[in-house]
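# Inside the fold
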Amino acid sequence: MKCKRVFLMSETIIKKANKLQGAISLPGDKSISHRAALLSLLCENPLTVTNYSDAADCQNTLNAVKSLGGQIHNEGDSLIISPPPDEGMKSPFEPINCGNSGTTMRLLAGLLSGASISATLIGDDSLSSRPMGRIAEPLRLMNAEIEISEDNTAPIRISPGTIIPIDYTLPVASAQVKSALILAGLASKTDVIIRERSLTRDHTERMISYLDGDLRIEDVKMNIVPDPVDPRKKKKVLSTDAYKRSIFLGKNSRISGGEINVPGDISTAAFFIAAALLVKDSHLIIKDIGVNNTRMGLVKILKQMGARINIKNRREISGEPIGDIEVFYSKLKPRKISGNIIPGLIDEIPILAVMAANIEGTTIIRDAEELRHKESDRIKAVCNNLAAMGVKVGEFPDGMAIEGTDELEGAEIDSFGDHRIAMAFAVAGITAHGQTVINNSDVVSISCPKFFTLLDGLRIK
């Protein structure tokens, strides 16, 4: 069973910008908003969430919370989410529609497996084509009763089961798999150990710890050994069988309620950062953005490429580091982007590719095959749209090679029903000669409904 996603056949016309300037605040971080809503189901007391994301994906998570007995009240710019009363969560009467949100579906699969109730999770056409075996397999190791289609996709059917402890090493970097297992353990009051060789976003761990849960993290320290080429030098070495991070969730862990202040979304900020870097004489400040180190891969890469980006007013709120990001127009250099950095910027690769198209020289992106399993095949979507704008681009199974040009050509852009493709090529449009038309542009509501309004408000025409 799946639900068809329907958007009006909207289009947005983008024209070249002469300069971008100003200060903006962005909607709340999607990843953190999802987790706050889902964890509220397991809290002992109400959870007040301020600056909850207005993205359609996060609304799907709130709807799921309601269907499981959570109670939600609006109070100004905050949501007060109370856990289900009396005996807690009960099996919903109808399938839970996760819409386009993979985070909702995968994290909810873990939480409900641990809660020992029956539920069916469905989604739209796009979500129903995305891989769910990566969630089902480790949950089954915890003795979860979970069924998916023969194609390893949704719908996901969950039945009551007795969860057992797990000590699991993530085969690939995935915060969603990690979080699903942690939520299964938290809901069932079972020991969980997760081991990571590559660090992934850690919002679930931070939030559980902030809400007084019994969660502990151990990071492996690098050994200092002589350089085999020049023994006079020293270098840091991590043995191949070591884990960079181990996460321990204690059995019988409980989380309290309280307050969560959600910082601005760094993944949405990426499009505005890119725009300011590409348009001459631009200067932009993005206020109160989450600057969690596990989400800063794009900023790190851009600085290596010559970007003038400063992070000011650093502080911590609700267990998350936040700050103000200041961006100046910069002349960037191309580079090869691959390896361990990719998981930390996988959502930002479409906009990184647009930036590469504006940089003199060739940029190569590899090890990003995961992009083919997102809301669209983002490798193909990016390559097709860049080619339409006059860019020489080569497509690989796991990435692309992009030869930058002096000026992109305005074109008709196919969003492929993917919010990040639509937003990335809106930024391409403000650097292009002529007019760029983004088809099916309303899809941006999945992550940032106000995106075009915010972008247009920064233009100095």
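Residue numbers here run from 1 along each chain, matching the order of that chain's written sequence. Two thresholds apply to this predicted model, a pLDDT of at least 70 for residue-level local features and 80 or more for giving and counting side-chain atom pairs, whereas whole-chain, interface and lining totals are computed over all residues. In computing side-chain values, all of the structure's heavy atoms are included and hydrogens and water are not.

### A look at the overall build of the protein
The criterion, for reference: Each helix is a run of DSSP H or I of at least 4 residues and each strand a run of E of at least 2, with the numbering of both proceeding from the N terminus. Note that the radius of gyration is over C-alpha atoms, with the globule rule given as 2.2 Å times the number of residues to the power 0.38. Under the scheme applied here, a residue whose accessible area is under 20% of the maximum for its type counts as buried, over 50% as exposed, and between as partly exposed, the area being computed with a 1.4 Å probe on protein chains only. Computed by Shrake-Rupley with a 1.4 Å probe, the accessible areas treat only the displayed protein chains as cover when residues are assessed.
When you go through the protein residue by residue, the secondary structure sums to twelve helices and 26 strands. Relative to a compact globule of 461 residues, whose C-alpha radius of gyration would be 23 Å, the protein shows 22 Å and is just as compact. Classification of the 461 residues of the protein by burial places 58% in the buried group. Accessible area of the protein: about 19200 Å², with a carbon and sulfur share of 47%.

### Thoughts on the state of the cysteines
Definition in use: Two cysteine sulfurs form what is called a disulfide whenever their separation falls within 2.5 Å.
For the coordinates displayed, the defined rule picks out zero disulfides. In this model Cys 43 remains outside any disulfide bridge; the closest cysteine sulfur is found in Cys 58, 17 Å from its own.

### Topic: the sheet that holds strand β16 (residues 258–261)
Rule in force here: A pair of strands counts as paired when DSSP detects no fewer than two bridges linking them. Note on geometry: axes are C-alpha line fits, over the in-contact stretch for helices, and angles between N-to-C directions span 0 to 180 degrees. The criterion used for residue contact is that any of the two residues' heavy atoms lie within 4.5 Å.
Spatial strand order, β4-β5-β3-β16: four strands in an open sheet with mixed pairing. A strand with exactly one partner marks an edge of an open sheet, and here the two such strands are β4 (71–75) and β16. Between one strand axis and the next, the sheet turns through 20 degrees on average, direction left out of account. Sheet topology note: the strand β3 (residues 47–50)/β16 ladder contains four bridges and is parallel. Bridging from a neighbouring strand, Val 49 pairs with Ile 260 of β16. Together, β3, β5 (78–82) and β16 form the strand contacts of helix α1 (residues 30–40), whose direction differs from that of β3 by roughly 165 degrees.

### Observations regarding the side chain of Ser 253
What counts is decided by this rule: Between N or O atoms, a polar contact is any pair within 3.5 Å; within protein, one atom must be a potential hydrogen donor and the other a potential acceptor, and residues adjacent in sequence are included only when both atoms are from side chains.
Mapped onto the elements, Ser 253 comes out in the loop between β15 (245–249) and β16. Looking at Ser 253, its side chain comes within polar contact range of the main-chain nitrogen of Asp 214, at 2.8 Å. Here Ser 253 is in contact with Leu 186, Lys 189, Gly 213 and Asp 214, once residues within four sequence places are set aside.

### Structural notes on unusual backbone geometry
A cis geometry characterises the amide bond from Ala 154 onward to Pro 155, with omega recorded as 10 degrees. When you line up the elements, Pro 155 lands in the loop between β8 (145–147) and β9 (156–159). Phi at Asp 367 takes a positive value of approximately 65 degrees, unusual for a residue other than glycine. Tracing the sequence through the fold places Asp 367 in the loop between β21 (362–365) and α10 (378–388). The backbone phi angle of Asn 440 is positive, close to 55 degrees, even though this residue is not glycine. One can find Asn 440 in the loop between β25 (435–439) and α12 (451–456).

### Overview of the pairing of strand β23 (residues 399–403)
It is a general feature of regular strands that their side chains alternate between the two faces of the sheet. Of all the five residues making up β23, four are buried; the element is thus mostly covered by neighbouring parts of the structure. Bridge count for β21 against β23 is four bridges, and the pairing is antiparallel. By the bridge assignment for β23, Ile 364 is matched with Ala 401. With five bridges joining them, strand β22 (residues 392–396) and β23 adopt antiparallel strand pairing. The partner of Phe 396 across the bridge, within β23, is Gly 399. The hairpin turn running from β22 into β23, its antiparallel successor, is two residues long.

### Looking at the nonpolar core
Filter applied, for reference: Side-chain atoms within 4.5 Å link the members of a nonpolar core, which is a set of buried Ala, Val, Leu, Ile, Met, Phe, Trp, Tyr and Cys residues.
Of all hydrophobic cores here, the largest spans 81 residues; its most connected members are Phe 272, Ile 273, Leu 302, Phe 425 and Phe 451. Considering each element in turn, this core owes the most residues, eleven residues, to helix α7 (residues 266–278). Excluding residues within four positions of it along the chain, Phe 425 makes contact with Val 354, Val 382, Asn 385, Leu 386, Met 389, Ile 413, Thr 436 and Ile 438. In terms of nonpolar packing, the next biggest core, distinct from the first, is built from 67 residues, Cys 58, Leu 127, Ala 187 and Leu 249 among them.

### Quick notes on α1
Counted residue by residue, α1 has eleven buried out of eleven residues, so it is predominantly covered. Of all the positions in α1, only Lys 30, Ser 31, Ile 32, Ser 33, His 34, Arg 35, Ala 36, Ala 37, Leu 38, Leu 39 and Ser 40 are classed as buried. Two or three places before Ser 31, at the start of α1, stands the capping residue Asp 29, its side-chain oxygen 2.9 Å from that residue's backbone nitrogen.

Purely spatial values, then, with no claim about function.
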